[in-house]
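These are the residues of each chain, in order.
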Amino acid sequence: MTEHDEHAKRKRRPFAGLRNNFLAGLVVVVPIAVTMWMIWTFVGWIDSWVLPFLPARYHPDRLIDLLFGNSEWFKLAFGEDVRVNVRGVGVVVFLMFTVFVGWIAKGLIGRSFLAWGESIVDRMPVVRSLYNGIKQIAETIFSQSTETKFDKACLVEYPRKGIWAIAFISTKAKGEIDQKIPVDEDIISVFLPTTPNPTSGFLLFVPRHSVVELDMTVEDAAKLVISAGLVYPNSKSSAQLSEIKLNLPEG
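Residues numbered from 1 in each chain as written. Predicted model: local features only at pLDDT ≥ 70, side-chain atom pairs only at ≥ 80, totals over all residues. Heavy atoms only, no water.

### Points about helix α6 (residues 108-121)
Working step 1: A rise of 1.5 Å per residue sets the reference length of α6, with its 14 residues, at 20 Å; its end C-alpha atoms lie 20 Å apart and thus fit the reference within 8%.
Working step 2: Listing the buried residues of α6 in full gives Gly110, Glu118 and Val121. Angular distribution of buried residues about the axis of α6 spans 65°; they occupy a single face of the element. Opposite the buried face of α6, at more than 90 degrees from it, the exposed residues are Leu108, Ile109, Phe113 and Trp116. (Helix = DSSP H or I, 4+ residues; strand = E, 2+ residues; numbered from the N terminus. Expected span 1.5 Å × (residues − 1). Buried < 20%, exposed > 50% of the residue type's maximum accessible area, 1.4 Å probe, protein only. Arc of directions from axis to C-beta.)

Rendered as structure tokens:
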């Protein structure tokens, strides 16, 4: 293409550079804006639950009005009746309260009181099932033990042979599950997430030989799932997937 043709093409598309700059700007602005919006919404949601339990005189707008409301410059800038939406106070109170409860629960008196409360809950049919389910989920998510966390991404054949899906290795199957599955090898429990929402999915129990472990991190595998395969963690991971595909055992 000659210089004259390039110049003519630019004249036919006068806003091409502007469009490209706009799209490039979206790539930068959208993740930042969405992240800030999610944080702002989450903090506001916690505040809406916590602030009603605080006395009205300790609310941020009341404190600001008490400290600065009588100054002339403040009245000139914000008016006589100030209502400042200060978010985050509820989050701070919630964090302090949670740390305090955790500190109490780790002590002898706290453990005894907690056991007494759970014994009462165990006598309530519907409440018992709800509480125990939520407690197990919370213990799994917030446990500090590495045994209860996903530490490896893998490939499993799902929903049929020849079709492969990304999953996360949970633990080795134990108890009745391990005993009743008629396979003479270790049974691995894996979590197979759905796209684009990885918080839902399926719990699968598969023989160890059916699990193909990946070198990519759990975070990178989650990005791949959330993006529906559009965003690969890096070129190295793509090459690893191709290599794994070539080395997969034939069914």
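### Section: the pattern of salt bridges
Working step 1: As enumerated under the stated definition, the model contains five salt bridges in all.
Working step 2: Each of Lys172, Asp186 and Arg208 takes part in one network of salt bridges that share partners. (Salt bridge = Lys/Arg side-chain N within 4 Å of Asp/Glu carboxyl O.)

### Thoughts on the confidence of the model for the protein
Working step 1: Chain-level pLDDT for the protein is 76 on average; 71% of the residues reach the 70-or-more range.
Working step 2: Of all helices and strands in the protein, the one with the weakest mean pLDDT is helix α10 (residues 235-247) (50), whereas strand β1 (residues 153-157) scores best (93).
Working step 3: This model gives residues 235-239 a pLDDT under 50, and the stretch forms two contacts once residues within four places in sequence are excluded. (pLDDT = per-residue confidence, 0-100. Contact = heavy atoms within 4.5 Å.)

### Notes on the packing of aromatic side chains
Working step 1: Applying the stated criterion across every chain, the model contains five aromatic pairs.
Working step 2: An aromatic cluster of three or more residues is present, and its members are Phe42, Trp45 and Trp49. (Phe/Tyr/Trp six-rings, centres within 6.5 Å; stacked < 30°, edge-to-face > 60°.)

### Focus on the nonpolar core
Working step 1: Of all hydrophobic cores here, the largest spans 13 residues; its most connected members are Ala153, Leu155, Ile166, Phe168, Leu214, Met216 and Ala221.
Working step 2: Looking at this core, the elements that each hand over two or more residues are β1, β2 (164-172) and α9 (218-226).
Working step 3: If you look at the next biggest cluster of nonpolar residues, it comprises 11 residues, including Ala167, Ile169, Ile188 and Val211. (Core = buried A, V, L, I, M, F, W, Y, C linked by side-chain atoms within 4.5 Å.)

### Quick notes on unusual backbone geometry
Working step 1: Cis geometry marks the peptide bond from Tyr158 to Pro159; its omega dihedral reads 5°.
Working step 2: For the bond running from Thr195 to Pro196, omega is 0°, close enough to zero to count as cis.
Working step 3: The phi torsion at Ala228 lies on the positive side, around 60°, for a residue other than glycine.
Working step 4: Along the chain, Ala228 turns up in the loop between α9 and α10.
Working step 5: According to the relative accessible area criterion, Ala228 is exposed, its value standing at 54%.

### Notes on the sheet that holds β1
Strand pairing in a sheet takes place through backbone hydrogen bonds and is either antiparallel or parallel in direction.
Working step 1: Strand order in this open sheet of five strands is β4-β3-β2-β1-β5, and the pairing throughout is antiparallel. Strand pairing shows two members of the sheet lacking a second neighbour, β4 (201-207) and β5 (212-213), which therefore form its edges.
Working step 2: The pairing of strand β3 (residues 187-193) with β4 spans seven bridges and is classified as antiparallel. Looking at the pairing, Ser189 lines up with Phe205 of β4.
Working step 3: Of the strands in this sheet, β1, β2 and β3 are in contact with α9, which crosses β2 at around 145°. (Pairing = 2+ DSSP bridges. Axes fitted to C-alpha atoms, helices over the stretch in contact; angles between N-to-C directions.)

### Some remarks on the packing of helix α2 (residues 16-50) against helix α5 (residues 89-105)
For any two helices packed against each other, one specifies the crossing angle of their axes together with the interaxial distance.
Working step 1: Put simply, α2 and α5 touch, their axes get as near as 7 Å, and they point 70° apart. With respect to their mutual orientation, α2 and α5 come out roughly perpendicular. For the pair α2 and α5, the sense of crossing is left-handed. Counting all contacts with α2, which are made through Val43, Ile46, Asp47 and Val50, the residues of α5 involved are Val89, Gly90, Val91, Val93 and Phe94.
Working step 2: In terms of residue class, the contact of α2 with α5 is built from seven nonpolar, one polar and one charged. (Parallel < 35°, antiparallel > 145°, perpendicular 65-115°, else oblique. Left-handed = near helix turned anticlockwise from the far one by under 90°. Nonpolar A, V, L, I, M, F, W, Y, C, P; charged D, E, K, R; others polar.)

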